[in-house]
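Chains, contacts and geometry: an overview
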Amino acid sequence: MDSTSFFLVKTKAEGLFKDKGSKFFGYIFPVKTEEEIKQHLQDLKKEHFSARHFCYAYRIGTVNLKYRANDDGEPSNSAGKPILGQIQSHNLTNCLIVVVRYFGGTLLGVSGLINAYKNGAIEALNVAQLIEHQVENYYLVKFGFTQINDVMRVLKNHNARIISQNTNLGYELNIAILTNKTEETLANLNKLLNLDIELLYSE
């Protein structure tokens, strides 16, 4: 994902879309692992034991992005893909959307299915609480006590967050820098003498 911010789902949410007798229950979940995804699917299959299809899509991560769309027996690209499209259009990550279908006796055709699964996802999204999250890079900065004012000034000017600090041997700060401000922040930190800057990880 190239964006410097994305949206997360705060809690599970669900909605319902109906078309020609078929019911499409949309569910959205916050997830971080494929194991969580499998568990949510198992739980839904127990809850909706008589449903015909459990179509879903998910996206996990930011830089090393994982995503998948599954049609679960529906015609190819008629279910999982439109669900994934809603995840992408809302700039969501670390989320799973499942649309559970109860067949109402009338065939909808491929275009009808695309519309129904898309709207099943939208109904869940309409009631979901979404949180914007800024993408950050995390660094460990080491320096002497005499440099603390200069370092703090740079961090404040670039809205960097201090996660933790250690003053046992000199000064160590665990900091988070917004992705779109990382290059400039590091350049200004590097202008100060005797700094040791180590990348811990990037989102």
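You'll find the structure just up there.
We now turn to the structure provided with this report. (Residues numbered from 1 in each chain as written. Predicted model: local features only at pLDDT ≥ 70, side-chain atom pairs only at ≥ 80, totals over all residues. Heavy atoms only, no water.)

The next point concerns the sheet that holds strand S6 (residues 95-102). The antiparallel open sheet is built from five strands, whose spatial order is S2-S3-S6-S4-S5. Every interior strand has two partners, whereas the edge strands, strand S2 (13-19) and strand S5 (66-70), have only one. If you compare each strand with its neighbour and ignore which way they point, the axes differ by 15° on average. Pairing between strand S4 (residues 53-60) and S6: seven bridges, direction antiparallel. Note that in S6 the partner of Cys55 across the bridge is Val99. Contacting strand S3 (22-30), S4, S5 and S6, helix H1 (residues 34-47) runs over the sheet at an angle of about 160° to S4. In the packing of helix H2 (residues 80-89) onto the sheet, the strands contacted are S4, S5 and S6, and the crossing angle to S4 comes to about 35°. (Pairing = 2+ DSSP bridges. Helix = DSSP H or I, 4+ residues; strand = E, 2+ residues; numbered from the N terminus. Axes fitted to C-alpha atoms, helices over the stretch in contact; angles between N-to-C directions. Contact = heavy atoms within 4.5 Å.)

Right, let's talk about the sheet that holds strand S10 (residues 171-178) for a bit. Read across the sheet, four strands follow the order S9-S10-S8-S11 without closing on themselves; strand pairing throughout is antiparallel. Single-partner strands in this sheet number two, and they are strand S9 (161-166) and strand S11 (196-202). Here the average twist between neighbouring strands, direction ignored, is 20°. Along the sheet, helix H4 (residues 148-157) makes contact with strand S8 (136-143), S9 and S10, crossing S10 at roughly 15°. Along the sheet face, helix H5 (residues 182-190) touches S8, S10 and S11 and points at about 150° away from the line of S10.

Now for the layout of surface pockets. Taken as a whole, the largest pocket encloses approximately 160 Å³ of empty space. As for the largest pocket, its lining consists of Phe6, Leu8, Lys32, Gly61, Thr62, Asn94, His133 and Glu203. (1 Å grid on protein atoms, 1.4 Å probe; cavity = no way out; pocket = protein on both sides within 12 Å on 5 of 7 lines; lining within 4 Å. Points joined across faces, edges and corners; volume = space filled by probe spheres on them.)

Judged by nonpolar contacts, the single largest core of 23 residues is most densely connected at Phe24, Ile28, Ile83, Ile87, Leu92, Ile97 and Tyr117. At the level of elements, S2, S3, S4, H2, S6 and helix H3 (109-127) are the ones that each hand at least two residues to this core. It is H3 that contributes the most residues to this core, six residues altogether. Residues in contact with Ile28, not counting those within four places in the same chain, are Val9, Thr11, Lys12, Ala13, Leu92, Leu96, Ile97, Ala124, Leu125 and Ala128. (Core = buried A, V, L, I, M, F, W, Y, C linked by side-chain atoms within 4.5 Å. Buried < 20%, exposed > 50% of the residue type's maximum accessible area, 1.4 Å probe, protein only.)

With that settled, consider the packing of H2 against H3. The angle between the axes and the distance between the axes are what describe a pair of packed helices. At their nearest, the axes of H2 and H3 sit 8 Å apart, and the two run at 35° to each other. Of the two possible hands of crossing, H2 and H3 adopt the one that is right-handed. Residues Pro82, Ile83 and Gln86 of H2 pack against Ile114, Tyr117, Lys118, Ala121, Ile122 and Leu125 of H3. Looking at the contact of H2 with H3 residue by residue, the class counts come to seven nonpolar, one polar and one charged. (Left-handed = near helix turned anticlockwise from the far one by under 90°. Nonpolar A, V, L, I, M, F, W, Y, C, P; charged D, E, K, R; others polar.)

With that settled, the discussion passes to the environment of Cys55. In this structure, Cys55 sits in strand S4. Separated by 25 residues in sequence, Cys55 and Gly80 place their C-alpha atoms 5.8 Å apart. Apart from residues no more than four positions distant in its own chain, Cys55 is found in contact with Asn70, Asp71, Asp72, Glu74, Ala79, Ile83, Ile97, Val98, Val99 and Tyr117.

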